[in-house]
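Residues per chain, in single letters:
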Amino acid sequence: MSTAPSSAPSSPGPGLYDPSTERDACGVGFVAHVKGEKSRGIVEDALRVLNRLAHRGACGADPDTGDGAGITLQLAHRFFKAEGLRLGFDMPRRRRYGVGQVFLPADPAARAACERIFEEVVAEEGQRVLGWRDVPIDARVVGPTAKKVMPVFRQLYLRLVRVPPSAYERTLYVIRKLAENRVRASGCDPTGTFHVASLSTETIVYKGLLLPHQLAAFYPDLGAADMVSAIAVVHSRFSTNTFPTWDLAQPFRYVADTGEINTLRGNVGWIDARKS
């Protein structure tokens with residue numbers, strides 16, 4: 001799937017071929033069970049799809065640092081509850097808690113400040129922090145460029161208190177936006193590393209400045225037997241109008257995009273419109 005032209009309109013080539021129809025864009029795929037049954041197979045199939053989208057991604061001078069790759073899955077209750085109990089959290093029943101996938105600064109002081117702000121916002125919104133989980137990673141699989149700017153990965157577990165089910169996601173949305181804005185305003189994250197990849201009772205996003213084949217190796221969680229889902233969205237990024245960063249890898253929280261804003265054809269069109 002692609003939408004972004006790679007070249008301006010040109011004269012037709014031989015036969016029916018027209019170079020102006022060529023496109024370079026990200027790769028996106030999804031796998032789902034039509035009856036909503038969660039399984040390990042959906043996750044494995046999605047990772048296989050992602051690996052086959054390698055030609056739709058890109059890398060720069062460092063061949064081991066990709067423009068970005070990621071996957072969105074349903075929150076695997078059995079997996080996350082077991083991890084929470086292992087860490088001593090007072091785990092509630094399914095859907096009464098949310099998990100945030102958070103990118104944090106490498107600097108310990110900046111990281112502590114971001115976490116403190118996040119926890120303060122959760123408390124102010126009447127919800128309860130259950131604790132933080134360090135996300136297991138294997139940094140050996142990423143390239144030197146990605147490693148140089150790699151954030152710290154932690155998951156925030158929080159319990160929803162006195163919130164009706166219809167307001168779960170809205171409550172977490174408000175918490176996320178308040179935390180992001182407050183971190184930005186505080187100046188405690190001068191590198192701009194703080195990023196909430198997802199915060200939900202329903203889904204979670206694993207992503208990064210990775211090549212498609214690196215994703216599952218980088219995040220061992222994705223290989224866990226209890227990491228199951230009935231849906232999965234994968235994305236391999238082809239960055240043409242923004243520099244690749246850890247936070248710009250996709251999928252985003254609700255979408256995975258294959259198009260580009262500043263296409264060459266669009267720019268040429270604007271120039272033609274102003275020739276006079």
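The present account deals with the structure reproduced in this document. (Residues numbered from 1 in each chain as written. Predicted model: local features only at pLDDT ≥ 70, side-chain atom pairs only at ≥ 80, totals over all residues. Heavy atoms only, no water.)

### With respect to helix H2 (residues 77-86)
Piece 1. Within the sequence span of H2, burial applies to His77, Phe79, Phe80, Glu83 and Gly84. Axial view of H2: buried residues confined to an arc of 165°, hence all on one face. Exposed side chains of H2 directed beyond 90 degrees from the buried face belong to Arg78 and Arg86.
Piece 2. On its buried side, H2 packs onto strand E3 (97-104), strand E4 (128-134), strand E5 (152-159) and strand E7 (203-208). (Buried < 20%, exposed > 50% of the residue type's maximum accessible area, 1.4 Å probe, protein only. Helix = DSSP H or I, 4+ residues; strand = E, 2+ residues; numbered from the N terminus. Arc of directions from axis to C-beta. Contact = heavy atoms within 4.5 Å.)

### Some words on the nonpolar core
Piece 1. Counting residues in hydrophobic clusters, the biggest one holds 40 residues, and the most contacted among them are Ile71, Phe80, Tyr206, Tyr219 and Trp246.
Piece 2. Put simply, the parts of the chain that give this core at least two residues each are helix H1 (40-51), strand E2 (69-74), H2, E3, E5, E7, helix H6 (215-218) and strand E8 (231-236).
Piece 3. In terms of residues, this core owes the most to one element, H1, which gives 5 residues.
Piece 4. With near-sequence residues (within four places) excluded, Ile71 lies in contact with Ala46, Leu47, Ile204, Val205, Tyr206, Leu215, Leu222, Ala232, Val233, Val234 and Pro251. (Core = buried A, V, L, I, M, F, W, Y, C linked by side-chain atoms within 4.5 Å.)

### Notes on the environment of Leu178
Piece 1. Relative to the helices and strands, Leu178 is located in helix H5 (residues 168-186).
Piece 2. Once the C-alpha coordinates of Leu178 and Phe118 are considered, the two residues, 60 residues apart in sequence, prove to be 8.5 Å apart.
Piece 3. Leu178 has contacts with Val121 and Glu125, leaving out every residue within four places of it along the chain.

### Here we look at a nonpolar patch on the surface
Piece 1. Nonpolar side chains collect at one region of the surface, where Tyr173, Val174, Leu178, Phe252, Tyr254 and Val255 lie side by side and expose about 560 Å² of accessible area between them.
Piece 2. In this structure, Phe252 sits in the loop between E8 and helix H7 (264-273).
Piece 3. According to the relative accessible area criterion, Phe252 is partly exposed, its value standing at 30%. (Patch = residues over 30% accessible without salt bridge, like charges linked within 9 Å, V, L, I, M, F, W, Y side chains within 5 Å. Areas by Shrake-Rupley, 256 points an atom, 1.4 Å probe, with all protein chains shown as cover. Salt bridge = Lys/Arg side-chain N within 4 Å of Asp/Glu carboxyl O.)

### Considering the sheet that holds E8
Piece 1. Pairing within the open sheet is antiparallel, and its 4 strands lie in the order E1-E8-E2-E7. Where the open sheet ends on each side, the last strands, each with one partner, are strand E1 (27-32) and E7. Strand-to-strand, the axes of this sheet are offset by a mean angle of 10°, without reference to chain direction.
Piece 2. Two strands pair when backbone bridges link them, and E1 and E8 are joined in this way by 6 bridges, in the antiparallel orientation. Bridge pairing in E8 places Val28 opposite His235. (Pairing = 2+ DSSP bridges. Axes fitted to C-alpha atoms, helices over the stretch in contact; angles between N-to-C directions.)

### Points about the sheet that holds E5
In a beta sheet, neighbouring strands are held together by backbone hydrogen bonds and run either parallel or antiparallel to one another.
Piece 1. Strand order across the open sheet formed by 4 strands is E4-E5-E3-E6, with antiparallel pairing between neighbours. The outermost strands of the open sheet, each flanked by one partner alone, are E4 and strand E6 (195-200). The sheet shows a mean angle of 20° between the axes of neighbouring strands, taken without regard to direction.
Piece 2. Bridge count between E4 and E5: 6 bridges; the pairing is antiparallel. Bridging across to E5, Arg128 finds its partner in Arg159.
Piece 3. With respect to the sheet, helix H3 (residues 108-124) is in contact with E3, E4, E5 and E6, its orientation differing from that of E4 by roughly 150°.
Piece 4. Here H5 sits on the sheet in contact with E3, E5 and E6, set at roughly 165° to E6.

### Examining the side chain of Thr193
Piece 1. You can see Thr193 is positioned in the loop between H5 and E6.
Piece 2. Dropping the residues within four chain positions of it, Thr193 is found in contact with Phe103, Leu104, Pro105 and Pro151.

### Side note on the packing of aromatic side chains
Piece 1. What the rule picks out here adds up to 13 aromatic pairs.
Piece 2. Residues Phe153 and Phe218 carry aromatic rings whose centres are separated by 5.6 Å and whose planes lie at 80° to one another, so their mutual orientation is edge-to-face. Taken together, the positions of Phe153 in strand E5 and Phe218 in helix H6 put the pair 65 residues apart, joining distant regions of the chain. A single burial state applies to Phe153 and to Phe218, both of which are buried.
Piece 3. In textbook terms, an aromatic cluster arises when at least three aromatic residues are bridged by ring pairs, as seen for Phe103, Phe153, Tyr206, Phe218, Tyr219 and Trp246. (Phe/Tyr/Trp six-rings, centres within 6.5 Å; stacked < 30°, edge-to-face > 60°.)

### Considerations on the pattern of salt bridges
Piece 1. According to the stated counting rule, one finds 15 salt bridges in the structure shown.
Piece 2. For Arg40, the salt bridge goes to Glu44, with nearest N and O atoms at 3.3 Å. Here Glu44 and Arg40 lie together in helix H1, a separation of 4 residues that amounts to about one turn.
Piece 3. The class of Glu44 is partly exposed, set by a relative accessible area of 38%.
Piece 4. Among the ionic pairs, Arg253 bridges to Glu180, the shortest N-O distance being 3.3 Å. Here Arg253, found in the loop between E8 and H7, pairs with Glu180, found in helix H5; they are 73 residues apart in sequence, far enough to count as distant.
Piece 5. On the basis of relative accessible area, Arg253 is assigned to the partly exposed category, the value being 25%.

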